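Below are the chains, spelled out letter by letter.
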Amino acid sequence: MAYMSRLGIWGVGTPFKEFTDYIQAVEKRGVGAMEIVAMDMKLRGMYIARQLSFHGVSFKIEEIPLSKDFIEMYDAAVALWVKARSYFQQAAEYMDADPRLRKTMWGQFWSAHQRFFKYLCIAAKVKHVVRIAREAVKNGKVDN
């Protein structure tokens, strides 16, 4: 945000002389302050949240059969994460960290775990989605 000086949130004539003063104040007050800043920017027309329209869009849910190769890769990934969890557990015990640090460490571990499997599941669908998209283009169902 530092490059957005023309917003008038910091600088001459504002409560915050420099961007760093502004960001320190917001960080000190947390998420609530960030929400208030966003609301104020929306009210003053400085920030617009947009969403694409889904008017005229249709969709269908398809079950994608998993290939034997993908199932084997998924099972290997599970085994890898089980092993990683074991090593992570050992490392956490060696560190003798305070409870807050342990909570943060495990939060990071499980966050990475969840992201990994989310993207692995998305990857399983790519070939099928590409096939559907190519068929739609071939049948003239896609606007350029």
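Residues numbered from 1 in each chain as written. Predicted model: local features only at pLDDT ≥ 70, side-chain atom pairs only at ≥ 80, totals over all residues. Heavy atoms only, no water.

On to the overall build of the protein chain. The helix and strand inventory of the protein chain stands at four helices and zero strands. Counting from the amino terminus, helix and strand elements in the protein chain follow one another as α-α-α-α. Taking all 144 residues of the protein chain together, the buried fraction comes to 17%. Of the roughly 12,700 Å² of accessible surface on the protein chain, a fraction of 59% belongs to carbon and sulfur atoms. (Helix = DSSP H or I, 4+ residues; strand = E, 2+ residues; numbered from the N terminus. Buried < 20%, exposed > 50% of the residue type's maximum accessible area, 1.4 Å probe, protein only. Areas by Shrake-Rupley, 256 points an atom, 1.4 Å probe, with all protein chains shown as cover.)

Quick look at the pattern of salt bridges now. Taken as a whole, this structure holds one salt bridge when the rule is applied. For glutamate 72, the salt bridge is made with lysine 68, and the minimal N-O distance between the two is 3.6 Å. Remark: lysine 68 and glutamate 72 occur in helix H3 (residues 68-95); sequence separation between them is four residues, near one turn of the helix. According to the relative accessible area criterion, glutamate 72 is partly exposed, its value standing at 43%. (Salt bridge = Lys/Arg side-chain N within 4 Å of Asp/Glu carboxyl O.)

Note on placement: histidine 128 falls in helix H4 (residues 99-138). What makes histidine 128 buried here is its relative accessible area of 17%. If sequence neighbours within four positions are ignored, histidine 128 has contacts with Glu62 and Ile64. (Contact = heavy atoms within 4.5 Å.)

Right, let's talk about H4 for a bit. Its 40 residues give H4 an end-to-end C-alpha distance of 58 Å, which sits within 8% of 58 Å, the value for a rise of 1.5 Å per residue. Approximately 40° is the largest bend angle found in H4, and it occurs at valine 126. Within H4, the full set of buried residues consists of Met105, Trp106, Phe109, Phe117, Leu120, His128 and Ala136. The inward-facing, buried residues of H4 abut H3. Capping the start of H4 is the job of one residue whose side-chain oxygen sits 3.0 Å from the backbone nitrogen of arginine 100: aspartate 98. Glycine 140, located one to two residues past H4, shows a positive phi value of around 70°. (Expected span 1.5 Å × (residues − 1). Bend = angle between axes of the 7 residues up to and from the residue. Polar contact = N/O pair within 3.5 Å; in protein donor to acceptor, adjacent residues only side chain to side chain.)

With that settled, consider H3. The end-to-end C-alpha distance of H3 is 41 Å, a good match for the 40 Å that 28 residues give at a rise of 1.5 Å each. Immediately beyond the C-terminal end of H3, within one or two residues, lies aspartate 96, with a positive phi of roughly 55°.

All right, on to a nonpolar patch on the surface then. Together, Tyr119, Ile122, Val126 and Val130 make up a nonpolar patch on the protein surface, roughly 340 Å² of accessible area in all. Structurally, tyrosine 119 is set in helix H4. Residue tyrosine 119 is classed as partly exposed on the basis of its relative accessible area of 49%. (Patch = residues over 30% accessible without salt bridge, like charges linked within 9 Å, V, L, I, M, F, W, Y side chains within 5 Å.)

What follows covers the packing of H3 against H4. The geometry of H3 relative to H4 is characterised by a closest axis approach of 12 Å and an angle of 170° between their N-to-C directions. In this view, H3 runs roughly antiparallel relative to H4, as classed from their interaxial angle. Per-class residue counts for the contact of H3 with H4 are 21 nonpolar, two polar and three charged. (Axes fitted to C-alpha atoms, helices over the stretch in contact; angles between N-to-C directions. Parallel < 35°, antiparallel > 145°, perpendicular 65-115°, else oblique. Nonpolar A, V, L, I, M, F, W, Y, C, P; charged D, E, K, R; others polar.)

It is worth spelling out the environment of tryptophan 110 at this point. Tracing the chain through its elements places tryptophan 110 in helix H4. Sequence spacing of tryptophan 110 and arginine 85 is 25 residues, and the spatial spacing of their C-alpha atoms is 9.3 Å.

Caution is warranted with low-pLDDT regions, since their predicted coordinates should not be read in detail. Looking at the protein chain, the pLDDT average stands at 84 and 90% of residues meet or exceed 70. Element-level mean pLDDT values for the protein chain span from 79 in helix H2 (residues 31-43) up to 94 in H3. (pLDDT = per-residue confidence, 0-100.)

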